[in-house]
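The primary structure of each chain is shown beneath.
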Amino acid sequence: MKYLISLGLLLAAGLANAASYDCTVTRKLDFENVYQPAQMEKYKFSARIHDSDKPKVDRCSIKPNDNKVTCDSYDIDRVEADKHVGYKKFYLFRSQYDIQLFPDMKFVENNGRGGIAFGTCKLL
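Every value quoted in this text rests on a predicted model; they were computed, and no experiment measured them.

J.: Tell me about the pattern of salt bridges, and name the residues and values.
T.: Tallied over the full model, the rule gives 5 salt bridges. A salt bridge links Glu-109 to Arg-59; the shortest N-O distance between them is 3.0 Å. With a gap of 50 residues between them, Glu-109 in strand β8 (residues 106-110) and Arg-59 in strand β3 (residues 56-63) connect regions that are remote in the sequence. Each member of the pair Glu-109 and Arg-59 is classed as buried. Between Glu-80 and Arg-78 there is a salt bridge, with the nearest N and O atoms lying 2.5 Å from each other.

Right, here's the structure in full:
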């Protein structure tokens, strides 16, 4: 029990400071698709959250034609932190995009066009 409390406090403290996270998508769906494991392996969807004074999110995947990882980078308009649960939510207003990072290092990404992705992050 002490270990779980210490781990929770450590993760919450990590979310409070400037940090970057590498987030791997493990489940993805939209209006037309529930992405299958083969698609997840092929495209290797991910996000990088840069939580700093000028927060950014990079959305990445494999470009099928040349088998290279490509990323689109977005400046975040607003960050909100929940004091009670400890998650952070990063908003990009113009595209209605948001990504939530939880103290247990899980994340939820809403791409603003009807797609949602879930996964796990690690501290870079």
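Having put the structure on the table, let's press on.
J.: I'd love a proper account of the packing of aromatic side chains, names of residues and values included.
T.: Going through the model one piece at a time under the given rule, you end up with 5 aromatic pairs. A network of ring pairs unites the aromatic residues Tyr-35, Tyr-43 and Phe-45 as a single cluster. Taking the ring centre of Tyr-35 as reference, the NZ or CZ of Lys-28 above it sits at 5.7 Å. Here the guanidinium or amino end of Lys-28 rests over the ring plane of Phe-45, the centre of that ring lying 4.6 Å away.

J.: So what about the sheet that holds strand β4 (residues 68-75)? Which residues, and what values?
T.: Read across the sheet, 9 strands follow the order β4-β3-β2-β1-β9-β8-β7-β6-β5 without closing on themselves; strand pairing throughout is antiparallel. Of all strands in the sheet, those with a lone pairing partner are β4 and β5 (78-81), marking the two edges. With direction set aside, neighbouring strand axes in the sheet form an average angle of 25°. In the sheet, β8 pairs with strand β9 (residues 116-123) via 5 bridges, with the strands oriented antiparallel. By the bridge assignment, Asn-110 is partnered in β9 with Ile-116.

J.: Please provide a residue-by-residue account of the layout of surface pockets, values included.
T.: The probe, sized like a water molecule, is rolled over the atoms to show the empty space still left. Considered as a void within the structure, the largest pocket measures approximately 200 Å³ in volume. Where the lining of the largest pocket is concerned, the elements lending two or more residues are β1 (19-29), β3 and β4. The residue inventory of the lining of the largest pocket, partitioned by class, reads 4 nonpolar, 4 polar and 5 charged.

J.: Can you break down the pairing of β5 residue by residue, with the values?
T.: Of the strand pairs in this sheet, β5 and strand β6 (residues 88-92) are connected by 4 bridges, and their pairing is antiparallel. Within the sheet, the bridge partner assigned to Glu-80 lies in β6 and is Lys-89. Connecting β5 to the next strand, β6, in antiparallel fashion are 6 residues, including Gly-86 with a positive phi near 95°.

J.: Can you lay out the nonpolar core for me, pointing to particular residues and giving the numbers?
T.: Ranked by internal contacts, the top residues of the largest apolar core, which has 20 residues, are Tyr-21, Cys-23, Ile-49, Ile-99, Leu-101, Phe-107 and Cys-121. Contributions of two or more residues to this core are made by β1, β2 (46-51), β6, β7 (97-101) and β9. Among the elements that make up this core, the one with the highest residue count is β1 (4 residues). Those residues in contact with Ile-99 that lie beyond four places of it in its chain are Ala-47, Ile-49, Val-57, Lys-88, Lys-89, Phe-90, Phe-107, Val-108 and Glu-109.

J.: Summarise the side chain of Lys-28; cite the residues concerned and give the values.
T.: By secondary structure assignment, the location of Lys-28 is in strand β1. The side chain of Lys-28 is buried and forms no salt bridge, while Glu-109, the nearest opposite charge, is found at 4.7 Å. Not counting residues up to four positions away in its chain, the partners in contact with Lys-28 are Val-34, Tyr-35, Met-40, Phe-45, Arg-59, Ile-116 and Ala-117.

About the cut-offs
Residues numbered from 1 in each chain as written. Predicted model: local features only at pLDDT ≥ 70, side-chain atom pairs only at ≥ 80, totals over all residues. Heavy atoms only, no water. Salt bridge = Lys/Arg side-chain N within 4 Å of Asp/Glu carboxyl O. Helix = DSSP H or I, 4+ residues; strand = E, 2+ residues; numbered from the N terminus. Buried < 20%, exposed > 50% of the residue type's maximum accessible area, 1.4 Å probe, protein only. Phe/Tyr/Trp six-rings, centres within 6.5 Å; stacked < 30°, edge-to-face > 60°. Lys NZ or Arg CZ within 6 Å of the ring centre and 35° of its normal. Pairing = 2+ DSSP bridges. Axes fitted to C-alpha atoms, helices over the stretch in contact; angles between N-to-C directions. 1 Å grid on protein atoms, 1.4 Å probe; cavity = no way out; pocket = protein on both sides within 12 Å on 5 of 7 lines; lining within 4 Å. Points joined across faces, edges and corners; volume = space filled by probe spheres on them. Nonpolar A, V, L, I, M, F, W, Y, C, P; charged D, E, K, R; others polar. Core = buried A, V, L, I, M, F, W, Y, C linked by side-chain atoms within 4.5 Å. Contact = heavy atoms within 4.5 Å. Lys, Arg positive; Asp, Glu negative; His and termini not counted.

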